[in-house]
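# Overview (structure and organization)
Take a look at the letters that make up each chain.
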Amino acid sequence: MPLQDFTPSQPLTLGVELELQLVSTHDFDLAPQAEDLLRVLKGHSGAWDVKPEITRSMIEIGTSIQRSHQPLLAELRDLRDQLSRGCRKLNIGIAGGGTHAYQHWSEQQIFPGERFHYISELYGYLAKQFTVFGQHVHVGCEDGDRALWLLHALSRYVPHFIALSASSPFVQGVDTGFDSARLNSVFAFPLSGRAPFCLTWREFGQYFDKMASTGVVQSMKDFYWDIRPKPEFGTIELRVCDTPLNVEMAAALACYLQSICRYLREARPFEPTEDDYLVYTFNRFQACRFGLDGEIVDPKTKQRIKLRDDIVRTLANVDVHALDLQALDANNLIRDTLFEGNGARWLRERRVKGAPLSAVVEAAAGRWMGEVGRG
């Protein structure tokens, strides 16, 4: 199947997808009740979408096309409230976070569906281990060439989004030492990592045709890259974020990305090159392992810098764009996170206080459902 044409869309429009945990209110382990919740939400109001994910203890929600921070946040709060009411009817909770703290992959059940069955058959146990939870952000682009340019220009900022969103320190009852352990699960898939360095849609189409001819891929869905083009939507899709612990952070991350994209498009502070990827995997690891305390290497100067300092500098560069985009509140929440800490820190703080992991998950569910503050 040849690569489809890139569908033009309005530049810098946004769409947000969130993969969410369904948990039992009895023991706060994952609960395989996606079908029940989807049935309850079938007649929901709003333009947002809700659909199943690969295992029956998770769902995915997607916003409508958005242009600015306040309408995006309002829609995310609406879907949170409706999801929470639906969960309460079923006596389950719903939570953010990139991993569940103590679920066992072997106990997960694949959601019935043709594509999920195909993934399970192809990847074996990795499919159930893919019970992890991420935020994906789509950014509109007017054509494929500019989409690919933006995709590669954003590679320098991937560690920002990993570290800011990181909320997956625990896996199967153990503190992994990573702020984002979720991305280790994603990295296990053979078509993960970075996209090939193509700067024109024609060149990318040639790459896709070669891959399709091998039988390895059938569509763009088969690529699990950190950022990938979505030609049917006319977007690029950032896929590295853990699902945040509340919708306010989800909206802030999306609009921080929007501000960076506008800055890159209008200021063009550099031209992306293949050499930008020399330090990409190292920088990615630093953000996963150490979060906001990580260090990254500038691909041009080769200097090592604090990730937190790089975010501060970036915020200074993009604030004028955030002002035009009506996203200053989003950037200010990003600033707060630099000092208050990310979701991984929040979860660990509750564990340090002596709480069992079930209580940590309970607190996370309460936070996502709007029952507790940011605290």
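This structure is a prediction, so every number in the text was calculated from the model and none was measured. (Residues numbered from 1 in each chain as written. Predicted model: local features only at pLDDT ≥ 70, side-chain atom pairs only at ≥ 80, totals over all residues. Heavy atoms only, no water.)

## Let's talk about the pairing of strand β2 (residues 49–52)
Where β2 lies against strand β3 (residues 58–62), 4 bridges are found, and the strand directions are antiparallel. Residue pairing in the sheet places Val 50 in a bridge with Ile 61 of β3. In this structure, the hairpin formed by β2 and β3 is closed by a connection of 5 residues. (Pairing = 2+ DSSP bridges. Helix = DSSP H or I, 4+ residues; strand = E, 2+ residues; numbered from the N terminus.)

## Observations concerning the pattern of salt bridges
Counted by the stated rule, this structure contains 29 salt bridges. The shortest N-O distance in the salt bridge between Arg 348 and Asp 179 comes to 2.8 Å. Here Arg 348 is found in helix α13 (residues 343–352), whereas its partner Asp 179 is found in the loop between β7 (174–175) and α7 (182–187), with 169 residues between them in sequence. Judged by relative accessible area, which is 10%, Asp 179 ranks as buried. Taken together, the shared-partner salt bridges in this structure form one network comprising Arg 77, Arg 80, Asp 81 and Glu 248. (Salt bridge = Lys/Arg side-chain N within 4 Å of Asp/Glu carboxyl O. Buried < 20%, exposed > 50% of the residue type's maximum accessible area, 1.4 Å probe, protein only.)

## As for helix α2 (residues 69–89)
Relative to the 30 Å expected for 21 residues at 1.5 Å per residue, α2 spans 30 Å between its end C-alpha atoms, a close match to the ideal helical length. Buried residues of α2: His 69, Leu 72, Leu 73, Glu 75, Leu 76, Leu 79, Arg 80, Gln 82, Leu 83, Ser 84, Gly 86 and Cys 87, and no others. Asn 91 sits one or two positions beyond α2 and adopts a positive phi of about 60 degrees. (Expected span 1.5 Å × (residues − 1).)

## Section: the nonpolar core
Of all hydrophobic cores here, the largest spans 125 residues; its most connected members are Ile 59, Leu 83, Leu 154, Phe 161 and Leu 264. Looking at this core element by element, the count peaks at 14 residues for helix α9 (residues 247–267). Sequence-distant contacts of Leu 83, defined by excluding residues within four places in its chain, comprise Leu 20, Leu 37, Leu 41, Val 50, Ile 59, Ile 61, Ile 94 and Trp 368. (Core = buried A, V, L, I, M, F, W, Y, C linked by side-chain atoms within 4.5 Å. Contact = heavy atoms within 4.5 Å.)

## Observations regarding the packing of helix α6 (residues 158–165) against helix α10 (residues 280–290)
For the pair α6 and α10, the least separation of the axes is 8 Å and the interaxial angle reads 15 degrees. Compared by their axis directions, α6 and α10 come out roughly parallel. Considering the relative orientation of α6 and α10, their crossing is right-handed. In this structure, α6 contributes Val 158, Pro 159, Ile 162 and Ala 163 to the contact, and α10 contributes Tyr 280, Asn 283, Arg 284, Ala 287 and Cys 288. A breakdown of the residues in the contact of α6 with α10 according to their chemical character gives 7 nonpolar, 1 polar and 1 charged. (Axes fitted to C-alpha atoms, helices over the stretch in contact; angles between N-to-C directions. Parallel < 35°, antiparallel > 145°, perpendicular 65-115°, else oblique. Left-handed = near helix turned anticlockwise from the far one by under 90°. Nonpolar A, V, L, I, M, F, W, Y, C, P; charged D, E, K, R; others polar.)

## A look at the side chain of Gln 103
By secondary structure assignment, the location of Gln 103 is in the loop between β4 (92–95) and α3 (114–123). Excluding anything up to four places from it in sequence, Gln 103 contacts Asp 29, Leu 30, Gln 108, Thr 131 and Gln 172.

## Thoughts on unusual backbone geometry
Of note, Gln 172 is a non-glycine position whose phi angle comes to about 50 degrees, a positive value. Within the secondary structure, Gln 172 is located in the loop between β6 (170–171) and β7. In this structure, Lys 302 is a non-glycine residue whose phi angle is positive, near 70 degrees. Position of Lys 302 relative to the elements: it lies in the loop between β12 (295–297) and β13 (304–306).

## Quick notes on the pairing of β3
Taking burial as the measure, the 5 residues of β3 include 5 buried ones, the bulk of the element. The alternating pattern of β3 places Met 58, Glu 60 and Gly 62 on one face and Ile 59 and Ile 61 on the opposite face, and all of these are buried. In this structure, strand β1 (residues 14–24) lies alongside β3, joined through 5 bridges in antiparallel fashion. Within the sheet, the bridge partner assigned to Leu 20 lies in β3 and is Ile 59.

## Some details on the side chain of Asn 246
Looking at the element boundaries, Asn 246 is found in the loop between β11 (235–242) and α9. When its relative accessible area of 8% is taken as the criterion, Asn 246 is described as buried.

## Comments concerning the environment of Arg 88
One can find Arg 88 in helix α2. Remark: the alpha-carbon pair of Arg 88 and Leu 37, spanning 51 residues in sequence, is separated by 9.9 Å. With near-sequence residues (within four places) excluded, Arg 88 lies in contact with Met 369 and Glu 371.

## So, the packing of aromatic side chains
Within this structure, the stated rule accounts for 11 aromatic pairs. Taken together, Phe 6, Trp 201, Phe 204, Tyr 207, Phe 208, Phe 223 and Trp 225 form an aromatic cluster joined through their ring pairs. The side chain of Arg 289 reaches across the aromatic face of Phe 178, ending 5.9 Å from its centre. Sitting over the ring of Trp 346, Arg 367 keeps its end group 4.6 Å from the ring centre. (Phe/Tyr/Trp six-rings, centres within 6.5 Å; stacked < 30°, edge-to-face > 60°. Lys NZ or Arg CZ within 6 Å of the ring centre and 35° of its normal.)

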